[in-house]
Every structure is written in structure tokens, then in C-alpha cells.
Amino acid sequence: MSFKSAVITFPGSNCDRDALCYLKDLTKGEVHNIWHEETSLPKVDLVILPGGFSFGDYLRSGAMASKSKIIDEVVKHANDNRYLLGICNGFQILTEIGLLEGALIRNKKLKFLGKNCFIKKKFKNNFNLSIKDNQILQIPVAHNEGNFYCDTETLNLLKNNEQIAFEYCKGEFSNTEENINGSIEAIAGITNKKKNVLGMMPHPERAYSDFHQSQDGRFIIESLIS
Amino acid sequence: MNEELILQHGLTLDEFQVIRKYLNRDLSIEELGIFSAMWNEHCCYKTSKKWLKKLPTDNEIVIQGPGENAGVIDLQDNDGIAFKIESHNHPSYIEPFNGSATGVGGILRDIFTMGARPIATLDSIRFGLIETEKTKYLLNGVVHGIGHYGNCIGIPNIGGECEFESTYDFNNLVNAMAVGHVQKDKIFYSKPKSIGGLIVYIGSKTGKDGIHGASMASDVFSEEDEDEKRPSVQVGDPFMEKLLMEGCLELMSSGLIESMQDMGAAGITSSSVEMASKGNVGVYINLDKVPLRQPLSAYEILLSESQERMLAVIDKKNNHKVREILQKWQIDYEVIGEITDTKRVVFESNNKKVVDLPVEIIVDDAPEYDREFYIPRKRKNKDFDFSKIKLEDMIINLLTNLNYLDKSWVFDQYDSTVMGDTIREPGQSSGIVKIHGTQKVIGASTDCNPLYIRINPYEGMKYTVAESYRNLIACNINPLAITNNLNFASPLDPNIMGELVLSIHGLKTAAVKFNTPIVSGNVSLYNQTNEIPIKPTPVIGMVGSNMDLNKINTNKFCEIGNKILILGKQLTKNCSPYLLQDQKIAFNICEFNDLEVLDLDFEKKIANCVLELSDLKCIMSCNDISRGGIFSALLKMQYKDMGFRVKVPDPIDLFCEYSAGYVIEIRSKDFEEVTSFLTKKGAEYLDIGEIIKEGIEINSKKFDYFDIMNKYLNDFEKIIS
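If you're wondering where the values come from, they're calculated on a predicted model, not measured in any experiment.

Asker: Which residues make up the overall build of chain B, and what values go with them?
Answerer: Looking only at helices and strands, chain B features 25 helices and 28 strands. Relative to the compact-globule value of 27 Å for 721 residues, chain B shows a C-alpha radius of gyration of 26 Å, a close match. Taken over the C-alpha atoms alone, chain B extends approximately 85 × 50 × 45 Å along its principal axes. Looking at the 721 residues of chain B, the share that counts as buried comes to 68%. Partitioning the contacts of chain B with sequence separation of at least 6, the portion at a separation of at least 24 is 85%. Surface summary for chain B: the accessible area is close to 24900 Å², and the carbon and sulfur share equals 49%. Between the mean site of the 77 positive side-chain charges and the mean site of the 102 negative ones, chain B shows a separation of 3 Å.

Asker: Describe a nonpolar patch on the surface, with residues and values.
Answerer: All names here are of chain A. A surface patch of nonpolar side chains, about 330 Å² in accessible area, is lined by Y58, L59 and M64. Inspection of the secondary structure assignment puts M64 in the loop between strand 3 (46-49) and helix 2 (71-79). Taking the relative accessible area as the measure of exposure, M64 reaches 36% and is therefore partly exposed.

Asker: Break down the interface of chain B and chain A for me, citing the residues and quoting the values.
Answerer: Contacts between chain B and chain A engage 36 residues on the former and 29 residues on the latter. Of the roughly 2800 Å² buried between chain B and chain A, counting both surfaces, carbon and sulfur atoms make up 54%. The interface formed by chain B and chain A contains four salt bridges. For the pair chain B and chain A, the interface holds 16 residue pairs in polar contact (both at pLDDT 80 or more). Here the side of chain B that touches chain A gets five residues from one element, more than from any other, and that element is helix 25 (residues 705-720) of chain B. Residues belonging to the side of chain B that touches chain A are distributed by class as follows: 14 nonpolar, ten polar and twelve charged.

Asker: Can you lay out helix 3 (residues 89-97) of chain A for me, pointing to particular residues and giving the numbers?
Answerer: Residue and element names in this part refer to chain A. Burial runs high along helix 3: seven of the nine residues are buried. Every buried residue belonging to helix 3 is among N89, G90, F91, Q92, I93, L94 and T95, and all of these are buried. Looking at the buried residues of helix 3, the elements they touch are strand 3, strand 4 (83-87), strand 5 (103-105), strand 8 (147-149), strand 10 (187-191) and strand 11 (197-200). Of the residues one or two after helix 3, G98 is the one with positive phi, at around 100°.

Asker: Describe the nonpolar core, listing the residues and the values that go with them.
Answerer: Formed by 264 residues in total, the largest nonpolar core has its most connected members in F166 of chain A together with I202 of chain B. The element that contributes the greatest number of residues to this core is helix 20 (residues 494-514) of chain B, accounting for nine residues.

Asker: Describe unusual backbone geometry, and please don't skip the residues or the numbers.
Answerer: Notably, A186 of chain A is not glycine yet its phi reads approximately 55°, a positive angle. Positionally, A186 of chain A belongs in the loop between strand 9 (164-168) and strand 10. With a phi angle near 55°, K343 of chain B is a residue other than glycine that sits in the positive phi range. According to the relative accessible area criterion, K343 of chain B is partly exposed, its value standing at 42%.

Asker: Describe the side chain of E300 of chain B, naming the residues involved and giving the relevant values.
Answerer: Take E300 of chain B: it is sitting in helix 13 (residues 298-303). Beyond its immediate chain neighbours, meaning those up to four positions away, E300 of chain B contacts K208 and I211 of chain B.

Asker: Report on helix 19 (residues 457-474) of chain B, specifying residues and quantitative values.
Answerer: Residue and element names in this part refer to chain B. Compared with an ideal rise of 1.5 Å per residue, which puts 18 residues at 26 Å, helix 19 spans 25 Å between its outermost C-alpha atoms and is within 8% of the ideal. The element helix 19 is largely enclosed, with a buried count of 17 among its 18 residues. Backbone geometry just downstream of helix 19 places N476 in the positive-phi region, at approximately 65°.

Asker: Can you break down the packing of aromatic side chains residue by residue, with the values?
Answerer: Applying the stated criterion across every chain yields a total of 16 aromatic pairs over all chains. Taken together, a centroid distance of 5.0 Å and an interplanar angle of 70° make the contact between W35 of chain A and W329 of chain B edge-to-face. Placement of the pair is W35 of chain A in strand 2 (residues 31-35) and W329 of chain B in the loop between helix 14 (319-328) and strand 11 (333-340), with the two residues belonging to separate chains. Assessed through its relative accessible area of 15%, W35 of chain A is described here as buried. Taken together, the ring pairs in this structure connect F127, F164, W409 and F716 of chain B into an aromatic cluster. Seen from the ring of Y93 of chain B, K134 of chain B lies directly overhead, with NZ or CZ sitting 4.5 Å from the centre. Geometry around F386 of chain B places K573 of chain B over its ring, the cationic atom sitting 5.1 Å from the centre.

Asker: Can you tell me about the pattern of salt bridges, naming the residues and giving the values?
Answerer: Residue and element names in this part refer to chain B. Inspection of the entire model under this criterion finds 58 salt bridges over all chains. With its nearest N and O atoms 2.6 Å apart, the salt bridge here joins E241 to R109. Residue E241 is found in helix 11 (residues 238-253), and its partner R109 is found in helix 7 (residues 96-112); the two are separated by 132 residues along the sequence. With a relative accessible area of 0%, E241 lands in the buried category. On the accessibility criterion, R109 (1% relative accessible area) is buried.

Asker: Just give me the short version of the sheet that holds strand 11 of chain B, but keep the residues and values in it.
Answerer: Residue and element names in this part refer to chain B. Strand order in the open sheet formed by seven strands is 8-10-7-11-9-12-13, with mixed pairing between adjacent strands. Because the sheet does not close on itself, it has two edges, and the strands there are strand 8 (259-262) and strand 13 (352-358). Between one strand axis and the next, the sheet turns through 20° on average, direction left out of account. Bridge analysis of strand 7 (residues 198-203) against strand 11 gives five bridges, and the strand direction is antiparallel. From the neighbouring strand, L198 faces strand 11, where its bridge partner is E338. On top of the sheet, helix 12 (residues 267-279) reaches strand 8, strand 9 (282-286), strand 10 (309-314), strand 11 and strand 12 (344-349); it is set at about 30° to strand 10, its chief contact.

Asker: An account of the domain arrangement of chain B is needed here, citing residue identities and associated values.
Answerer: Residues and elements named next belong to chain B. Its domain assignment divides chain B into domain 1 (3-363) and domain 2 (553-721). Placing the centre of domain 1 and that of domain 2 at their C-alpha centroids yields a distance of 42 Å. Facing the five residues of domain 1 at the interface are five residues of domain 2. Of the roughly 460 Å² buried between domain 1 and domain 2 on both sides combined, carbon and sulfur atoms contribute 60%. Of all residues in domain 1, I130, K136 and E163 bury the most surface against domain 2, accounting for 57% of the area lost on that side. Joining domain 1 to domain 2, the criterion identifies one salt bridge. Of the charged contacts in the structure, one is a salt bridge between R627 and E163, with a shortest N-O distance of 3.0 Å. At the junction of domain 1 with domain 2, the criterion picks out one residue pair in polar contact (both at pLDDT 80 or more).

Asker: How would you sum up the sheet that holds strand 1 (residues 62-64) of chain B? Please name residues and give values.
Answerer: Residue and element names in this part refer to chain B. Reading across the sheet, the six strands line up as 1-2-3-6-4-5 and stay open at both edges, with mixed pairing between neighbours. Looking at which strands have only one partner, the edges of the open sheet turn out to be strand 1 and strand 5 (157-164). The mean inter-strand angle of the sheet, taken between neighbouring strand axes irrespective of direction, is 20°. Both strand 4 (residues 117-127) and strand 5 contribute to a ladder of seven bridges, which runs parallel. Across the sheet, residue I125 finds its bridge partner in strand 5, namely C162. Contacting strand 3 (79-87), strand 4 and strand 6 (173-183), helix 7 crosses the sheet at an angle of about 25° to strand 6.

Asker: Lay out the pairing of strand 3 of chain B with the relevant residues and their values.
Answerer: All names here are of chain B. Judged by how many residues are buried, strand 3 sits mostly within the fold: nine of nine residues are covered. Of the two faces of strand 3, both are covered, the one formed by D79, I81, F83, I85 and S87 as well as the one formed by G80, A82, K84 and E86. Examined bridge by bridge, strand 2 (residues 71-74) and strand 3 share four bridges and lie antiparallel to one another. Across the sheet, the residue bridging to G71 is F83, located in strand 3. Between the end of strand 2 and the start of strand 3, which pair antiparallel, lie four residues, with Q76 showing a positive phi angle near 65°. One ladder, built from nine bridges, connects strand 3 with strand 6; its direction is antiparallel. Following the sheet pairing, K84 is matched in strand 6 by A178.

Rules and cut-offs
- Residues numbered from 1 in each chain as written.
- Chains lettered and ligands numbered in written order.
- Predicted model: local features only at pLDDT ≥ 70, side-chain atom pairs only at ≥ 80, totals over all residues.
- Heavy atoms only, no water.
- Helix = DSSP H or I, 4+ residues; strand = E, 2+ residues; numbered from the N terminus.
- Rg over C-alpha atoms; globule rule 2.2 N^0.38 Å.
- Buried < 20%, exposed > 50% of the residue type's maximum accessible area, 1.4 Å probe, protein only.
- Contact = heavy atoms within 4.5 Å.
- Areas by Shrake-Rupley, 256 points an atom, 1.4 Å probe, with all protein chains shown as cover.
- Lys, Arg positive; Asp, Glu negative; His and termini not counted.
- Charge placed at Lys NZ, Arg CZ, Asp CG, Glu CD.
- Patch = residues over 30% accessible without salt bridge, like charges linked within 9 Å, V, L, I, M, F, W, Y side chains within 5 Å.
- Salt bridge = Lys/Arg side-chain N within 4 Å of Asp/Glu carboxyl O.
- Buried area = accessible area lost by both parts, 1.4 Å probe.
- Polar contact = N/O pair within 3.5 Å; in protein donor to acceptor, adjacent residues only side chain to side chain.
- Nonpolar A, V, L, I, M, F, W, Y, C, P; charged D, E, K, R; others polar.
- Core = buried A, V, L, I, M, F, W, Y, C linked by side-chain atoms within 4.5 Å.
- Expected span 1.5 Å × (residues − 1).
- Phe/Tyr/Trp six-rings, centres within 6.5 Å; stacked < 30°, edge-to-face > 60°.
- Lys NZ or Arg CZ within 6 Å of the ring centre and 35° of its normal.
- Pairing = 2+ DSSP bridges.
- Axes fitted to C-alpha atoms, helices over the stretch in contact; angles between N-to-C directions.
- Domains from an automatic or database assignment.

Written out as C-alpha cells, the structure reads:
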């Protein structure tokens, strides 16, 4: 059975093409691109909400996109126990929908951050199965609101349920930061309780091809396919 | 018409008399507005035209030279590359965030107007001394603005330059460059195809922002002006531009559009006049149909520079389909006029013709000046005293000068990897992106050496072009073509005019030698405030390619133990201007010795050696030598805690500037092959040392690697905040 997937495009999405290439190149299966005004989703194994500035980030990052027509179908897809991955703005949209806990607030230095970052896996789930413990991945980030925040009660829940998928860490060399954007407990990505929905700030779709600076973004799709 | 009103519109009384005589009647206020917009320096190049005509603009790969929204070059198969650089200096000084943001927005529209999808941006920004609060405010605002616009629309920023120097204290420079990929058989031009075609308005509604922006850009500033002029800075909305870009590219690929023109400087006036002029036709536009944000007079609509707007010509039969596509992207769309055979520009408002002018008088009869210019006097040669210079102090001088420090603080605010095709990010000698779906890569670099050009405009400009050229060569990118942004002070001063004329001449000489024609450009004059002129700053944006992405070089050290060779010819320490200036040996421009004549044939010879060695896979990493000499080049190459151990006859040599200068890293096992290759080619080389772990050693003197790296990598942020 080949792996089927889809990418949702909102007005202002700008990583939708990147996500489509990422899926096409790594899954070798059928990949659909779905416009936000559609009211149906094909039956696929994975849906990606891509990065970008959906609706210009007006109101609040992800807020307007979370009210798009297609979102009902995206929620149904997740409730069906199939995979849903929100990258960057997609992560912000998932917290706005309420599929993921917490919120993404402005980076601690109040500046956009576009650079390579280093992350490692925290708790095991189907998105990071093929990543070794303590393996350091190099993946770019590009965000203004990537500082993950939640209250203590929620944080304890996330820990107890092992919902923290990735955390920021130092790279192998000097002059790299522990926690680039000030996220609580350096959280870079979390899942829902059932662990079929992942939101992450780093962009794995920009780190998979031979010509990219790193190929560590492959592990996520490889984990899902294996 | 009273004189004051004419002068307020930036026209001289002589210019007004030319118009008056031609028309043989009085002008309406709207018509005066049109001449104000079209006859200023920004739109008609009245001072520079005579000299720009001398530039080489064509060769076998040029598809479109200057004169369109952007130049286009051929990249084999069906691939074309559209690119251009443009300035937004004055608006960015008055309102740094919006001024720089709309600079990026404007240059991106120039690219997708040609039917090209933008694939990269670069910039060249210059500020005054960081000691003033004002500079900190400007730097923060400009970087935020460039980042905000590019990040949101989703085009990677792949490089540029950022420098600080006192003559920019009251007149910062913001030049933005964009590069796009176009299919050669789907290039769009501004020339309309048929009489009777509908003129349609696409994009944001028109508001009061930016009225008289273009004529502001052609004015000398005084400090008091700043607050007064703020309302004429445009406000950008990158989200709207993203929708506009996607909408327009979809219309173009669906074949629904005949021609397109973006509404940039001087808004609807300039775009419609240019359309008429290019097609040798007339235009009729009903201003009552223009979508408005607020009630505006005809005069205001004509001169508004509201952002994110396009003017297109379509066939009547496609009206419905065009509307459908634009509705999907939620973009305003209105038919506002048509192409006529009258060769006149006619604007109607409230059933009254407010403008009725022959295209000829606006465009062809635009003034062209042959301004007086002086050639700088010959300089006397002198020897500087280097006896008190210590190596430690030289290093400290560089590490406390913003111009030498790592500028990640700037670049990290830009998204440089969106679109997934970025190969080299900002901070390397050139930015490189892949042409989507191919193995081809495009490299680009922006450069200028204002100090060199002030000392000797002709030779200095040759060095500037050569620096861009070396930046590309170092990555094994084959240089192809140039866009330029000529930033100068007031040309009414014959000394400044001399800098303009001679540097254009130097640009010509170098471009001819390198076979890199100038395919697009921009001129920004009157860059002076309170009578302090900026240093001459003609910025070069050079674009090149490699057909195989696996062949490009990195600028970063690869492996401990590899050898470090130097190629090129060192300039003597008495003739290395940045060494003298930045090591505090010479202060005043008149103290400097003349530049050594740059041998462009030698540049080409060494460049070819680098390209050949790269193709032979003998070069592990390579960087060009520019400001700060070998030492600065080596600092930039550090990576993953790798440093260097070098030996040179005189430590000062490490800080001298170069012609055709490159640092190359090679494996010890390739040493014989590389050196015999170089000897065979008659290219001298210097074997100066090797790459070591976590160390910096110069002539056996050890320096604290982590201390130097910490300063180099992190002090920029400390100094500017």
C-alpha cells in the first residue's frame, strides 16, 4: 500500500510547495494539494498544514486559518486516527484549532529568527521512531512567534502523557544556543494525547534533499512510513 | 500658472516653459502633477541618461536589457533569469520599517511583472556611525522592514552587505535586489499588443500614501523635512503582495494577459504612460473607476503610490475569466480604461478630461542634461609609517569595527531557506539558489567599495565590479550579468558629477572585460542631507550560474590538516585603502595614495584557475580576499571550531587588500597537482599554512581561538544594542 498525503494551502501559505516536494520525494506516493475553501479531503494517511503567513498573520498567527472551511475536514481526519503534521504556521494553526495544547508567542528576543537550529527527540512517537535517543538533528527555523508557552498544569500533562516530541538543544560545536526562542522547557514540537497530531516549529521540509545543508528532516517521513 | 506651484512640483521654470510652448496652452493641475512625476530624476534619468547610454547592455545571453521592469538573461533550455536592484533610500530614512519593506515589495513586483517567479532577494544597506541612537533606530527598522516583507511573502533572502560609515549618518542607503525564474517562452513585457485592449486595475485599493514619493526621491533633504515628509512614505502589505503575485502568475500562465506593468514610483501615471510609450499607442483611463480606499481627487489618484497594485492589458473576451481567478485570490479588479490609437494619454474624472497630453511630450521630450563635471586631481605618492603597528592591535581594530564582524544579527532576521532551494545562505561570499526542478544554480552578490571610488572613481569602480566577480568565482559560479544601483549625492556639484561619470566609465570597462553586460538598474541622486554628501556608492548586483549544483564550492573550512593557499596579487600596504583607514593610519580622504591600476586580464586569468581547479574537485573551500585582507577572509571561513595556522613574511601582509585575491583550501595529497597546475598557468601562489582545530596561530604566535571567535560572532549584537 502506498503512502498517501495532502498539503492544505491557505492564502499566505508560503511553504506549501516545499511541503508538497518533501512528500513527493520521500513518500513516492500520491500527494494532493487542497485549497482552504474546499469542503472535502481525500482519504490520505498524512495531512500537512504548511508554514507561511496564512491570512497575513493578521489578528494572530494561525487564528484566521483555524476558521477556514477545510478545517472541519482536517479535524475529522485527525479524529479518524490518521496523521496530521503542522509545521511552523501549521503548528500555530493547530493550537488555534485546539488540536494541540498551549500557544506560540513571540520569540524571547522579539525578533524573527531564520537560522539552523538543533533539536533532539524527547518522547517516542510515530513521527520520531527512526531517530535515535540523543541524536542531534539540524533543521532550519524561520519564525517570529515560535516561543512555546503553556501553564504549569498543561506542561505537567504534556510530560506525563509523553506528548513532547522534540526539544531544542546545543549543536556539536561552540556558539550554538540551548534554547533559541525561549520556549518553555525548550519545547520545539508536541503531539496530541493520541500522538497522531504533531506540531513543530522547525522546518523538516527544508532539510531533506542532498543539496540542503542537512538531511535530518527525512527522519519524520521515514518514521511514518516505516 | 504661478511660479511657486511649478517649483513645488520639482520642475524648473525652463522645463515648464518647454511644456508650455509645446502645448501652447495652460496646464491643468493634474497635468502639472504628471510632469512633476515623469520629469524627475527618479523616472527619467535626466542627469545620468547621457552616461548610462555608454554601458554595454547586450551579449549572446541577454534576452532583455534595461528599459523593462527587469532585465532577463538566458540560462539555457527554456530557463530565463530576471533580476534588478532598486533603491528606497529616502523613504527608509524617514520611516525605516515601511520605507525598506516597500523597497522589497517594489522590486519583487518588477520581477513578477515579467512573468517570473521571484526566487531570491539580496540587499545592500548602509548606515551612519552606530554611536548615534538614530543609527540604531534606522538599522533596527530597516532590517525589520526588509525581513518582514520578504519573510511574509516567502522569498528567501540569500545575501547582501551591511556597512557603517559616517557620511551615511543622515542619509542611509537601502538597495534591494530580486532575482526571478521565468520560462523563456512566457516572458511578459509592458508593451500592449492591440488597440482596444482593456486596461485593468489589479490589487490593493488606492489611498493617499506615497503621493509625490518619486519626486521626493529626487530631492535634497534637510533634517527638518523628515517629519513633514513622513506621510509620503508608502505603507506595505506583504500578504496582499503574496496574493497579488500568485494571482498575477496564475493569470499569466493561463495566457489571459497581454501585457503588464506594476504601479511603482509615480503610480498609475507612470505605468500608463510607459505602457502607451512602449506600444506607441494611446491610453484612455476613467479615474472614477479606480478602486479607492478613501475619497480622493483626480490629482491624488494620479500620483498615489499605494503599494501592491498592477496595471494590465487584457483582451475583452477574457474579462470574465480574469475576474474569476482574481476572486479566488480575493484581489480587487476593475476595468478602468482601454488602449487607443491616439498616441495620447487621456484621464477622465467626473465626465471631464483632466489630462489630455501627447505621449511624446511626456516621454520623448523629457529633459536630458549634460551637467558640468570635474576630474579629480592626481594624488601625490607618500609612505605611511607602519613602525608602531602591532599585530594584536590590528586584530583588535578589526574586531571592534562593525564592518568586520559577523552579521548574523541581520541575516537571522531574514528567512533564507523558504522555497526549499537555498544552497548558500547570507554571510557567504555569494548567495546561491537552485532553479527549482533542475540541477542549475544561480549565484548572486551585491557589492560596493565607496572608499575606493572616492579615491579614484574610475579604478575604484573596476575594483567594485571585480569584487562581485570574485565573490561568484570563489563559489565556482560563472559570472553572467550585472544590475546596478548608482547612489550619489547631488549631481549639481561638478565634483560629484565627476564621480558619477567616471565610475560609470569604470563600470563599462570592467563589464566589457568580464563579458557581464548591465541588464537593469536604478539611479538614486541627491543623497545628501545638511549638505553632507554620501560617499559615491554605485552598488553592483552580479548574477552568475553553474549548470551543476554538485560543482559549487563552499566558503567554509572543510577539514583539519588541509592546506591554505593564497592566489592573486597583494596591494602594497601604502595602497590598501581599507587597511590604512581601519587601522587608523590615514583619516582624511586627501591623505590616501592613488589606487593601484587594476589589471582586469590578471583578474580573469586567476578566476579561470579557480574555476578549473574547482571543476577538478581540488578546491575544498574558497573565499575571496577583500576588505580586511587575508585575515578577514580566514575569519569568515571558520566553521565547526576549525581555525588556522599561518606564516607570512610580514604580519601586516595579512591585512592588505588584493587584486584577484582568493584563499583556497586544498588537501595535502592534492598539493603537487594544484601547485604544478598553477605554475603551468603562470599563476603565483603563496603557501601560508593549514587548518587546525580550535586555534589561531600567526607566525608561531598563538591567539585565543574562542575569545576571537566569540568577539567575531557575537559582538555585532552587543555593539548595536
